[in-house]
Amino acid sequence: GDSVTQTEGPVTLSEGTSLTVNCSYETKQYPTLFWYVQYPGEGPQLLFKVPKANEKGSNRGFEATYNKEATSFHLQKASVQESDSAVYYCALRAYAQGLTFGLGTRVSVFP
Amino acid sequence: DPKIIQKPKYLVAVTGSEKILICEQYLGHNAMYWYRQSAKKPLEFMFSYSYQKLMDNQTASSRFQPQSSKKNHLDLQITALKPDDSATYFCASSQPTGDAEQFFGPGTRLTVL
């Protein structure tokens, strides 16, 4: 089956520093890739979709480029804020109808 | 206004009982899904429906039965509840295409005693 592996958290940062959450995947199908963010007590919120190889997705200062050769799509943000504290999930949709999620990376940003 | 409504927000049940989790979406989508999130298996896909028909079932147990009475409703009936069923259950929806973004509801947190 499909699988997604991402940076093991927690990740602790100071405001204004950069964030990278690594994500790699395995699938025998051509995937559509997503990043989601989840705040305490809420459902996952879509950050953005990256449907095609070598394309970049972005939203709210976050971005990720789908590297088909490396089967990866790492999440990056140049300058984080305290409000970016959350759990970040990479996910893919390939063979199954539903999304396959990574285990999530808890990010804490301190002022 | 919330676009995906899940009811109730919290649910406590006793072992062996039966509960129904409610999901309604007002995004105009024709595909709906159920996911489960627990400490042991974060964000696990369970079912998908498209145009009120079951498309994919990744749940091994027949104790979990989705029910679609209207095209924007997908409820989840769980019978013979076990403590291991304790989790937060999320409903999601999307357009019925392979690369469509899925949008999630706020979840129902189920605790089985």
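Because the structure is predicted, anything quoted here is derived from the model rather than measured.

Would you explain the interface of chain A and chain B in this entry?
Size of an interface: often given as the accessible area lost when the parts come together. Opposite the 18 residues of chain A that make contact, chain B presents 21 residues. Carbon and sulfur atoms make up 56% of the surface buried where chain A meets chain B, a total of about 1,600 Å² over both sides. A per-residue breakdown of the area chain A buries against chain B is headed by Pro44(A), Arg93(A) and Gln97(A), which together make up 30% of the total. Here chain A and chain B share two salt bridges between them. In this structure, the salt-bridge partner of Lys49(A) is Glu101(B), at a minimum N-O distance of 3.9 Å. Between chain A and chain B we count eight residue pairs in polar contact (both at pLDDT 80 or more) in total. Considering every element that reaches the side of chain A that touches chain B, the biggest residue donor is strand β5 (residues 32–38) of chain A, with four residues. Residues of the side of chain A that touches chain B, tallied by class, amount to nine nonpolar, six polar and three charged.

Explain unusual backbone geometry to me, please; I cannot follow it from the model alone.
A negative phi angle characterises most non-glycine residues, just as the trans form characterises most peptide bonds. Residue Gly9(A) is joined to Pro10(A) through a cis peptide bond whose omega torsion reads -5°. Relative to the elements of secondary structure, Pro10(A) occurs in the loop between β1 (3–6) and β2 (11–14).

Help me out: how do you make sense of the pairing of strand β7 (residues 64–67) of chain B in this one?
Within a regular strand, side chains alternate between the sheet's two faces. All names here are of chain B. Going residue by residue along β7, you find Phe-64 and Pro-66 tucked away on one face and Gln-65 and Gln-67 left uncovered on the opposite face. Inspection of the sheet shows β7 paired to strand β8 (residues 75–78) by four bridges, in the antiparallel sense. Residue pairing for β8: Phe-64 is matched across the bridge by Ile-78.

What should I look at first to understand the state of the cysteines in this one?
A covalent bond between the sulfur atoms of two cysteines is what we call a disulfide. Residue and element names in this part refer to chain A. Evaluated as defined, the whole model comprises two disulfides over all chains. A sulfur-sulfur separation of 2.1 Å characterises the disulfide bridge that pairs Cys-23 with Cys-90. Judged by the sign of its S-S torsion, about 90°, the cystine formed by Cys-23 and Cys-90 is right-handed. Here Cys-23, found in strand β4 (residues 23–26), pairs with Cys-90, found in strand β10 (residues 86–93); they are 67 residues apart in sequence, far enough to count as distant. By relative accessible area, which is 1% here, Cys-23 ends up buried.

I'm lost on the sheet that holds strand β3 (residues 19–25) of chain B in this one. Help?
To summarise the sheet geometry, strands pair through backbone hydrogen bonds and adopt either a parallel or an antiparallel arrangement. Residues and elements named next belong to chain B. The four strands are arranged β1-β3-β8-β7 in an open sheet whose pairing can be described as antiparallel. Each of the sheet's edge strands pairs with one partner strand only, and the pair in question is β1 (4–7) and β7. Direction aside, the axes of adjacent strands within the sheet are offset by 15° on average.

Just checking my understanding: could you explain the packing of aromatic side chains for this structure?
Aromatic ring pairs are reported here in terms of the distance separating the ring centres and the angle at which the planes meet. One pass over the structure, following the stated rule, counts 15 aromatic pairs over all chains. Their ring planes at 50° and their centres at 6.2 Å tell us that Tyr30(A) and Tyr66(A) sit as a pair that is tilted. Taken together, the positions of Tyr30(A) in the loop between β4 and β5 and Tyr66(A) in the loop between β8 (62–65) and β9 (75–77) put the pair 36 residues apart, joining distant regions of the chain. With 5.4 Å between their ring centres and 40° between their planes, Phe62(A) and Tyr88(A) make a pair best called tilted. Of this pair, Phe62(A) sits in strand β8 while Tyr88(A) sits in strand β10; the two residues are 26 residues apart in sequence, bridging distant segments of the chain. Phe62(A) sits in the buried class, given a relative accessible area of 1%. Take Tyr88(A): its relative accessible area is 0%, and that puts it in the buried class. Taken together, Phe34(A), Tyr36(A), Tyr89(A), Phe101(A), Tyr33(B), Tyr35(B), Phe45(B) and Phe104(B) form an aromatic cluster joined through their ring pairs. Above the face of the Phe64(B) ring, Arg36(B) is positioned so that its terminal group lies 5.2 Å from the ring centre.

Calculation criteria
- Residues numbered from 1 in each chain as written.
- Chains lettered and ligands numbered in written order.
- Predicted model: local features only at pLDDT ≥ 70, side-chain atom pairs only at ≥ 80, totals over all residues.
- Heavy atoms only, no water.
- Contact = heavy atoms within 4.5 Å.
- Buried area = accessible area lost by both parts, 1.4 Å probe.
- Salt bridge = Lys/Arg side-chain N within 4 Å of Asp/Glu carboxyl O.
- Polar contact = N/O pair within 3.5 Å; in protein donor to acceptor, adjacent residues only side chain to side chain.
- Helix = DSSP H or I, 4+ residues; strand = E, 2+ residues; numbered from the N terminus.
- Nonpolar A, V, L, I, M, F, W, Y, C, P; charged D, E, K, R; others polar.
- Buried < 20%, exposed > 50% of the residue type's maximum accessible area, 1.4 Å probe, protein only.
- Pairing = 2+ DSSP bridges.
- Disulfide = S-S within 2.5 Å.
- Axes fitted to C-alpha atoms, helices over the stretch in contact; angles between N-to-C directions.
- Phe/Tyr/Trp six-rings, centres within 6.5 Å; stacked < 30°, edge-to-face > 60°.
- Lys NZ or Arg CZ within 6 Å of the ring centre and 35° of its normal.

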